Amino acid sequence: MRLLKRSAESAMILLAATLLVALTAGPMQAQSAGEPPQAQAPEPPPQSQAPPPSYSPDQLDKLVSRIALYPDPLLAQILAAATFPDQIPDAAKWADAHHYLQGDDLARAISADQLPWDPSVQALLPFPSVLDTMASDMNWTSDLGNAFLAQRQDVMDAVQRMRQKAKDYGYLRSNAQVVVGGGPYITIDPVDSAYVWVPAYDPLIVFGPPRAGFVIGGAIGWGFGINLGVAFRPWGWGYTRFDWGAHAVFINNAPWGRTWANRGFYAHPYGGGVRRWDAGRQAESHRLIPRSPEERRAPREGRAHPEEHHR
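Here's what I pulled together on the structure shown here. Since the model is a prediction, treat every value here as computed from it, not as a measurement. (Residues numbered from 1 in each chain as written. Predicted model: local features only at pLDDT ≥ 70, side-chain atom pairs only at ≥ 80, totals over all residues. Heavy atoms only, no water.)

## Regarding the sheet that holds strand β5 (residues 241-243)
- As summarised here, the arrangement of the three strands in space is β5-β6-β7, forming an open sheet in which the pairing is antiparallel. Looking at the sheet topology across the chains shown, the edges are occupied by β5 and β7 (254-255).
- Bridge count between β5 and strand β6 (residues 248-251): three bridges; the pairing is antiparallel. Bridging from a neighbouring strand, D243 pairs with A248 of β6. (Pairing = 2+ DSSP bridges. Helix = DSSP H or I, 4+ residues; strand = E, 2+ residues; numbered from the N terminus.)

## Section: the packing of aromatic side chains
- Scanning the entire structure with this criterion turns up six aromatic pairs.
- With a centroid separation of 6.1 Å and 90° between ring planes, the pair formed by Y201 and F207 is classed as edge-to-face. Judged on exposure class, the residue Y201 and its partner F207 are both buried.
- Judged by centre distance (5.8 Å) and plane angle (70°), the rings of W256 and Y266 are edge-to-face. With W256 in the loop between β7 and α11 (293-300) and Y266 in the loop between β7 and α11, the pair connects residues that are 10 residues apart, well separated along the chain.
- One residue, R152, lies across the ring of F148, its end atom 5.5 Å from the ring centre.
- The ring of W260 has R263 lying over it, and the distance from NZ or CZ to the ring centre is 3.8 Å. (Phe/Tyr/Trp six-rings, centres within 6.5 Å; stacked < 30°, edge-to-face > 60°. Buried < 20%, exposed > 50% of the residue type's maximum accessible area, 1.4 Å probe, protein only. Lys NZ or Arg CZ within 6 Å of the ring centre and 35° of its normal.)

## So, the side chain of D72
- Position of D72 relative to the elements: it lies in helix α3 (residues 72-81).
- Beyond its immediate chain neighbours, meaning those up to four positions away, D72 contacts R163, T187, I188, D189, F242 and W244. (Contact = heavy atoms within 4.5 Å.)

## What about unusual backbone geometry?
- Despite not being glycine, Q114 has its phi angle at roughly 50°, a positive value.
- Topologically, Q114 is positioned in the loop between α5 (103-112) and α6 (119-122).
- Notably, H247 is not glycine yet its phi reads approximately 55°, a positive angle.
- In this fold, H247 is placed in the loop between β5 and β6.
- For H247, a relative accessible area of 19% corresponds to the buried category.

## A look at α3
- Counted residue by residue, α3 has 10 buried out of 10 residues, so it is predominantly covered.
- What α3 keeps buried is the set D72, P73, L74, L75, A76, Q77, I78, L79, A80 and A81.

## Thoughts on the pattern of salt bridges
- This model, assessed by the stated rule, comprises four salt bridges.
- Ionic pairing is found between D137 and R66, a salt bridge with its closest N-O pair at 2.7 Å. With D137 in the loop between α7 (128-136) and α8 (138-150) and R66 in the loop between α2 (57-64) and α3, the pair connects residues that are 71 residues apart, well separated along the chain.
- Of the residues examined, R66 reaches a relative accessible area of 34% and is grouped as partly exposed.
- Residues D72 and R163 are paired through a salt bridge, measuring 2.8 Å at the closest nitrogen-oxygen approach. (Salt bridge = Lys/Arg side-chain N within 4 Å of Asp/Glu carboxyl O.)

## Focus: the side chain of T141
- Assignment of secondary structure puts T141 in helix α8.
- T141 has contacts with A82, P85, I88 and M134, leaving out every residue within four places of it along the chain.

## Some points on the packing of α2 against helix α9 (residues 152-168)
- Two elements in contact, α2 and α9, have axes separated by 9 Å at closest approach and are oriented at 70°. Classified by the interaxial angle, the pair formed by α2 and α9 is roughly perpendicular. Judged by the twist between their axes, the crossing of α2 over α9 is right-handed. Between α2 and α9, the residues in contact are P57, L60, D61 and V64 and D154, V155, A158, V159, R161 and M162, respectively.
- Residue composition of the contact of α2 with α9, grouped by class: seven nonpolar, no polar and three charged. (Axes fitted to C-alpha atoms, helices over the stretch in contact; angles between N-to-C directions. Parallel < 35°, antiparallel > 145°, perpendicular 65-115°, else oblique. Left-handed = near helix turned anticlockwise from the far one by under 90°. Nonpolar A, V, L, I, M, F, W, Y, C, P; charged D, E, K, R; others polar.)

Here is the structure:
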């Protein structure tokens, strides 16, 4: 009996040990049999690690064609603001409703309203027609901003290619509003740095050979401009330029360093009390008067906006 009892106990111990080995060795046996282990789904990369977009030269030429003939300071501000496309629609609405304010009054309104947009976007508030153009085609604005973040050199090269075409065909030339530099890079600077003109042109015309009988001098309208005095210097006006040879952009006399990799945390140095306020802190205290249809048409056609009278 004792022998049988000991044999039964030994059998139970052996069975338990066998089960334990089977449970622990199972995964290893499955792998040795050629079955791959279950892979865990990778975590989505953070914004800064997302792959950058890539645009061909032809795509970049088309992207910049709408703005390639803008004066250098305005072009630089547009490219910087386009890297914040989500802020453009609301900024366009604010600029539209405050378009009747000018000069120091507008600068004070921008500061007093504690706006939640990046200073690069705030810098375009004196130009409601420009913001309206950007807001009306958000796919273009987003692509423009992404291209500037990921391929700044290529974007600047595209601008130079388009300017060269317009110059070669005779459309782009110096006049009473702007000075066109001839080389090695084509620059477009306001005659008066405090007065920035917004050209109106059709890319399908100015970047192609003139048609027979077409008046070249009327292809670009320069009748609409904005007076930007000392009050707008904190937003970089008067201190913004390109270094075309080095493929660099200077806004408020500091190199614009926002790129695809650092776009989530880069903050450009502006100073002068200019800042981006937290959302929900706005303190609107001005009349809201949207532009009339005629006021909207004028800058698109290269004309000065009509004189306004608001009670």
